[in-house]
Amino acid sequence: MGDNMLKPNFKEAKKRTKEDIKVLRNEYKIPNDVKNLGFNKKYFIKTYGCQMNEHDSEMISAILEDMKYTRTDDYENSDLIILNTCAIRENAHNKTFGMLGRIKHLKQKKPGLMVGLAGCMSQEESVVEQIISKYGWMDFVFGTHNIHKLPEILKEHITSKELEVNVWSNEGNVIEGIPFKRDSKYKAWVNIMYGCDKFCTYCIVPFTRGKQRSRMPEDIINEVRELIKKGYMEVTLLGQNVNAYGKDFTNRTYRMENLLEDVAKTGIKRIRFITSHPWDFTDKMIDVIKRYDNICNYIHLPVQSGSSTILKLMGRRYTKESYIELYNKIRDKLGENCSITTDIIVGFPGETKTDFEDTLKLVKKCKFDSAFTFIYSPREGTPAAKMKDNITKQEKEQRLYKLNEVINKYSKESNDKLVGKVIPVLLENVSEKDSTMLAGYSDTMKLVNVKADKKYIGQIVNVKITDAKTWSLDGEINE
Ligand code: SAH
Ligand code: SF4
Ligand code: F3S
């Protein structure tokens, strides 16, 4: 063990080169010796991260099924376990290591079990060192850039019978032609770009996902057309920073507004896109969203903080004033029905009581439909991790609590406004909380539980809202 390991390196991962981005179409192959590796065997995959991470799991599943594995939701009865990890905050790490502890016991009872680590944690130097020194019983580690090499990595491991570490620090290319096993029959994730070049000072993503690379518009449109043929109703265009789509093209000026328009013209029933960075949100984008009914009136626009001092320390490139200006412009142009959600971090190094009050003020001004809120978590290798952090844990928890109170109040208010109204909902499955109801999302991304027959699953139906809660709505079909 050791000589032929390919370990991640943050210095390499940080580099951004001007080299042209190539589209590679023939990278995915299954070597003959592993074609039937999964025959009569089951795999279990657990996903810890964001939508992109979920979509990567759909890719990993398809690759394993290409090798004849079948899926199970019971890890104790599986032959192959893959943890597709997230590195965004400390608790994501802790969950993964907790799970590895349980799997270690299982592996002692079942030596034939294969266990692999994938995702953003695999891209972290310190994690891989820890795996090598303390988790040598594991079988393989691969990263976010070489998922398509999984068959070859398994082959290597089976030959060497040793921990196979194969992580690429940076990827400058776009790889096409890898299959997906989609979790839903009605809505699909569609990658439009990979990586991120924003380097917000707290964030690990530019290290774990590499430089920004946009997929060719033709490949995206073709994928959407194929999805329509298969009966899909909704696509979510995925990128860490979707409004910067196309900025890395050297031979064409084709941007997010062009892509949104071309995807809208395919006729797919619903289009969502996440995540929008306030920096690159253009008027042209707003116009296209307004012009096409199938582009959902839902914008996730992370603000992170309401203090311009903290925003500057975060490297977000906008001020509280310019954020509010953009926010109001979107609301004015898209109308009151548009829903806008956000992400907020509390307890960033140096955040004073006044900075935090500024965040509360911004929330009170914007009245977000909902928000994801987090306590700042230092990530090794990022600039913010070196900043002096003198706020106590207790103070951070109090700020989070206060913030959530205000956020929840506005979530409830925005939901209350919908009572009595009729809104379209894509019914996806039986409701988790009440088996006599179906659940789905409105075009504005509100979770709606609907009294309806199962035959409506997979359809967009008009629903009359009868009751509003903080995180969901209740309704009945209105035909
Ligand atoms: N690309 C998106 C965010 C992706 S990460 C954007 O720029 O908006 C999702 C959210 O996790 C971020 O919006 C941020 O609120 C939060 N986050 C990222 N790094 C974090 C950290 N170190 N500690 C706490 N929260 C963090
Ligand atoms: Fe992270 Fe900022 Fe990139 Fe979002 S834009 S992924 S927060 S570095
Ligand atoms: Fe986590 Fe990686 Fe997504 S760090 S949030 S899984 S890009």
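Residues numbered from 1 in each chain as written. Chains lettered and ligands numbered in written order. Predicted model: local features only at pLDDT ≥ 70, side-chain atom pairs only at ≥ 80, totals over all residues. Heavy atoms only, no water.

## Some words on the layout of surface pockets
Empty space among the atoms becomes visible once a probe the size of a water molecule is rolled across them.
Line of reasoning, step 1. When its volume is computed, the second largest pocket comes out at roughly 480 Å³.
Line of reasoning, step 2. Along the walls of the second largest pocket sit 22 residues, with E336, N337, C338, D369 and L418 positioned nearest its centre.
Line of reasoning, step 3. Mapped onto the lining of the second largest pocket, the elements with two or more residues apiece are helix 11 (320–334), helix 13 (393–416) and strand 17 (422–430).
Line of reasoning, step 4. Residues that form the lining of the second largest pocket fall into these classes: 8 nonpolar, 5 polar and 9 charged.
Line of reasoning, step 5. Shared between two domains, the lining of the second largest pocket holds at least three residues of each, these being domain 2 (176–416) and domain 3 (422–477). (1 Å grid on protein atoms, 1.4 Å probe; cavity = no way out; pocket = protein on both sides within 12 Å on 5 of 7 lines; lining within 4 Å. Points joined across faces, edges and corners; volume = space filled by probe spheres on them. Helix = DSSP H or I, 4+ residues; strand = E, 2+ residues; numbered from the N terminus. Nonpolar A, V, L, I, M, F, W, Y, C, P; charged D, E, K, R; others polar. Domains from an automatic or database assignment.)

## What about the domain arrangement of the chain?
Line of reasoning, step 1. For the chain, the domain assignment lists domain 1 (10–166), domain 2 (176–416) and domain 3 (422–477).
Line of reasoning, step 2. Computed from C-alpha coordinates alone, the two centres of domain 1 and domain 3 are separated by 36 Å.

## Looking at the pairing of strand 2 (residues 42–47)
Line of reasoning, step 1. Relative to strand 3 (residues 70–71), strand 2 runs parallel, the two being bridged by 2 bridges. Paired with K42 across the strands is T70, a residue of strand 3.
Line of reasoning, step 2. With 5 bridges connecting them, strand 2 and strand 4 (residues 80–85) associate as parallel partners. Following the sheet pairing, Y43 is matched in strand 4 by L80. (Pairing = 2+ DSSP bridges.)

## Regarding the packing of aromatic side chains
Within a pair of aromatic rings, the relevant descriptors are the distance that separates the centres and the angle that separates the planes.
Line of reasoning, step 1. Going through the model one piece at a time under the given rule, you end up with 14 aromatic pairs.
Line of reasoning, step 2. Centre to centre, the rings of Y245 and F249 are 5.7 Å apart; their planes meet at 90°, and the pair counts as edge-to-face. Here Y245 matches F249 in class, with each residue buried.
Line of reasoning, step 3. Ring geometry for Y323 against F368: centres 6.4 Å apart, planes inclined by 55°, an arrangement best described as tilted. Placement of Y323 in helix 11 and of F368 in the loop between helix 12 (353–366) and strand 16 (370–375) is noted, with a sequence separation of 45 residues between them. You'll find Y323 and F368 in the same group, each marked buried.
Line of reasoning, step 4. Put simply, the rings of Y318, Y323, Y327 and F368 touch in pairs and so form one group of aromatic residues.
Line of reasoning, step 5. Positioned over the ring face of F249 is R252, at 5.7 Å from the centre of the ring. (Phe/Tyr/Trp six-rings, centres within 6.5 Å; stacked < 30°, edge-to-face > 60°. Buried < 20%, exposed > 50% of the residue type's maximum accessible area, 1.4 Å probe, protein only. Lys NZ or Arg CZ within 6 Å of the ring centre and 35° of its normal.)

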